[in-house]
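Each chain, written out:
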Amino acid sequence: MKMNTTVLLAFLVMLSNATMSQKSNVTDAAMLMKKYSPRAGAEKAKKTVNDAKKFIDLAAAHTDTKEGMKMNLYRGMVYFALIEVAQFDAMSGNMPDEALLESYKDASMESFRKVINDPKGKYTDDAKGFVNRRVTQYFEMGLSMYEAKNYEMAFMSFSGAYQVKAFIGEEYEDAKVNAMATYAYVTDSLIRSDDLDKAEKMCDAANELSPNDMGILTNYINIALKRGDTEKSEQYIKEALAIDPNNKQLYYILGTSYIELKENEKAESNLLKAIEIDPEYVNAHSNLAALYMDWSIALGDEAKDLDYRDPKVSELENKKKELLTKAIPSLEKMIISFPENKSVMRNLAMAYRSSGNEEKFKEWYNKSKN
């Protein structure tokens, strides 16, 4: 069969024009990105990036250019810039679509990593340079905010440096360490001041940096307990214990929080578990002893309010004696740590009297008077 060279030539010209057109789209996007600057103003920056997106999307969809490293370099830049310009909307009160931002992030990371992993490495330095300039800006802003004692902004800046570095598949450990340090300071302050919604948002942000971090889980627990949400706190406790089943502090925190919620049985159970893990855990002993003493006083007051002939009076008095007796081991641990504490001595004396040990009662009663 004789080849029709005229038709073949026309086809090759068409194919060449299509390929050149897609290469032109990459070039046009590149030229726009060279003009792009977030400092140029919101509207100008947004227009530049959105125009660049139109060109790069055409090139990314075409078989001749979609795997090209130059196309992927500028696709990474364009989609990163789309996230940057979305901040302008956020600053004006129009929160951007989170799902859309996530898709921008995925697209940018995908393209940058193709460039970084390219064996030829023709555009590797360009990709790293673009990302690292942003990383440096975020990190230096974090240092500046920290020096200004604006710890919340310092956390966000260090966190940003860490997350942006991940666009090229690298971890920035210094940024993560600084972010978690400022996170702990800010979140502790927010929880103490009962700004729980903001504290929870800080925890969410930190959890993206360091999933399954015990400090973050502990803060989630404290936030839930301060809200009186014991169901959620127990859920977080289970998550934390799955990571560290012998963490005495978790049981201590939960037990102490149940004391505040007047759920005495749950408080007792969790503090005893903390002591089971560490028999010398003085803080747990201290709170357990305080729980038993306060609980016994409440029962005594309840008994006084009843008619003395009521059979429940005897039941309450017996329970009171039982609680005071149970306090003795923890009080004994406390007096070792605080040998001059008169309050502990008086409580020991009271507990021993309730247990029927008059000799020990006199010993500690006399010591408390000296």
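Here, the structure is the one placed above.
Residues numbered from 1 in each chain as written. Predicted model: local features only at pLDDT ≥ 70, side-chain atom pairs only at ≥ 80, totals over all residues. Heavy atoms only, no water.

Q: Hey, could you go over the overall build of the protein chain for me, with residue numbers and the actual values?
A: For the protein chain, the count of helices and strands is 16 helices and 0 strands. Rg of the C-alpha trace for the protein chain: 33 Å, well past the compact-globule value of 21 Å for 370 residues, more than 25% over. Taken along its principal axes, the extent of the C-alpha atoms in the protein chain is 120 × 50 × 40 Å. A buried classification covers 40% of the 370 residues belonging to the protein chain. (Helix = DSSP H or I, 4+ residues; strand = E, 2+ residues; numbered from the N terminus. Rg over C-alpha atoms; globule rule 2.2 N^0.38 Å. Buried < 20%, exposed > 50% of the residue type's maximum accessible area, 1.4 Å probe, protein only.)

Q: Could you give an account of the layout of surface pockets, with specific residues and numbers?
A: There is about 2200 Å³ of room inside the largest pocket. The wall of the largest pocket is formed by 41 residues, among which Ile-83, Gln-87, Tyr-138, Met-156 and Gln-163 lie closest to the centre. Breaking the lining of the largest pocket down by element, the ones donating at least two residues are helix 3 (69–91), helix 4 (98–116), helix 5 (124–147), helix 6 (151–165) and helix 8 (196–209). It is helix 6 that contributes the most residues to the lining of the largest pocket, 10 residues altogether. For the second largest pocket, the full set of lining residues is Ile-191, Thr-218, Asn-222, Leu-225, Lys-226, Gln-249, Tyr-252, Ile-253, Thr-256, Ser-257, Glu-260 and Leu-261. Looking at the lining of the second largest pocket, the elements that each hand over two or more residues are helix 9 (214–226) and helix 11 (248–260). Of the residues contributing to the lining of the second largest pocket, the split by class is 5 nonpolar, 5 polar and 2 charged. (1 Å grid on protein atoms, 1.4 Å probe; cavity = no way out; pocket = protein on both sides within 12 Å on 5 of 7 lines; lining within 4 Å. Points joined across faces, edges and corners; volume = space filled by probe spheres on them. Nonpolar A, V, L, I, M, F, W, Y, C, P; charged D, E, K, R; others polar.)

Q: Give me a nonpolar patch on the surface: which residues, what numbers.
A: On the surface, Met-141, Met-153 and Met-156 cluster together to form a nonpolar patch covering roughly 260 Å² of accessible area. In this structure, Met-141 sits in helix 5. (Patch = residues over 30% accessible without salt bridge, like charges linked within 9 Å, V, L, I, M, F, W, Y side chains within 5 Å. Areas by Shrake-Rupley, 256 points an atom, 1.4 Å probe, with all protein chains shown as cover. Salt bridge = Lys/Arg side-chain N within 4 Å of Asp/Glu carboxyl O.)

Q: So what's going on with a positive patch on the surface? Residues and values would help.
A: On the surface, Lys-34, Lys-70, Lys-120 and Lys-122 cluster together to form a positively charged patch. Position of Lys-120 relative to the elements: it lies in the loop between helix 4 and helix 5. Looking at Lys-120, the relative accessible area reads 77%, which means it is exposed. (Lys, Arg positive; Asp, Glu negative; His and termini not counted. Charge placed at Lys NZ, Arg CZ, Asp CG, Glu CD.)

Q: Could you give an account of the packing of helix 15 (residues 342–355) against helix 16 (residues 358–369), naming the residues involved and the relevant values?
A: The interhelical angle for the contact between helix 15 and helix 16, taken along N-to-C directions, is 160°, at an axis separation of 8 Å. Taken together, the axis directions place helix 15 and helix 16 in an arrangement best described as roughly antiparallel. Considering only the axes of helix 15 and helix 16, their crossing is left-handed. Contact residues: helix 15 offers Lys-342, Met-345, Arg-346, Leu-348, Ala-349, Tyr-352 and Arg-353, while helix 16 offers Glu-358, Lys-360, Phe-361, Trp-364, Tyr-365, Lys-367 and Ser-368. Taken together, the residues of the contact of helix 15 with helix 16 sort by class into 7 nonpolar, 1 polar and 6 charged. (Axes fitted to C-alpha atoms, helices over the stretch in contact; angles between N-to-C directions. Parallel < 35°, antiparallel > 145°, perpendicular 65-115°, else oblique. Left-handed = near helix turned anticlockwise from the far one by under 90°. Contact = heavy atoms within 4.5 Å.)

Q: Explain the packing of helix 6 against helix 7 (residues 173–192) to me, using residue names and the numbers behind them.
A: Their axes nearest at 8 Å, the elements helix 6 and helix 7 cross at an angle of 155°. With respect to helix 7, the axis of helix 6 lies roughly antiparallel. Every pair of crossing elements has a handedness; the one defined by helix 6 and helix 7 is left-handed. On helix 7, the residues that touch Tyr-151, Glu-152, Ala-154, Phe-155, Phe-158, Ser-159, Ala-161 and Tyr-162 of helix 6 are Ala-175, Lys-176, Asn-178, Ala-179, Thr-182, Tyr-183, Tyr-185 and Val-186. Grouping the constituent residues of the contact of helix 6 with helix 7 by class yields 11 nonpolar, 3 polar and 2 charged.

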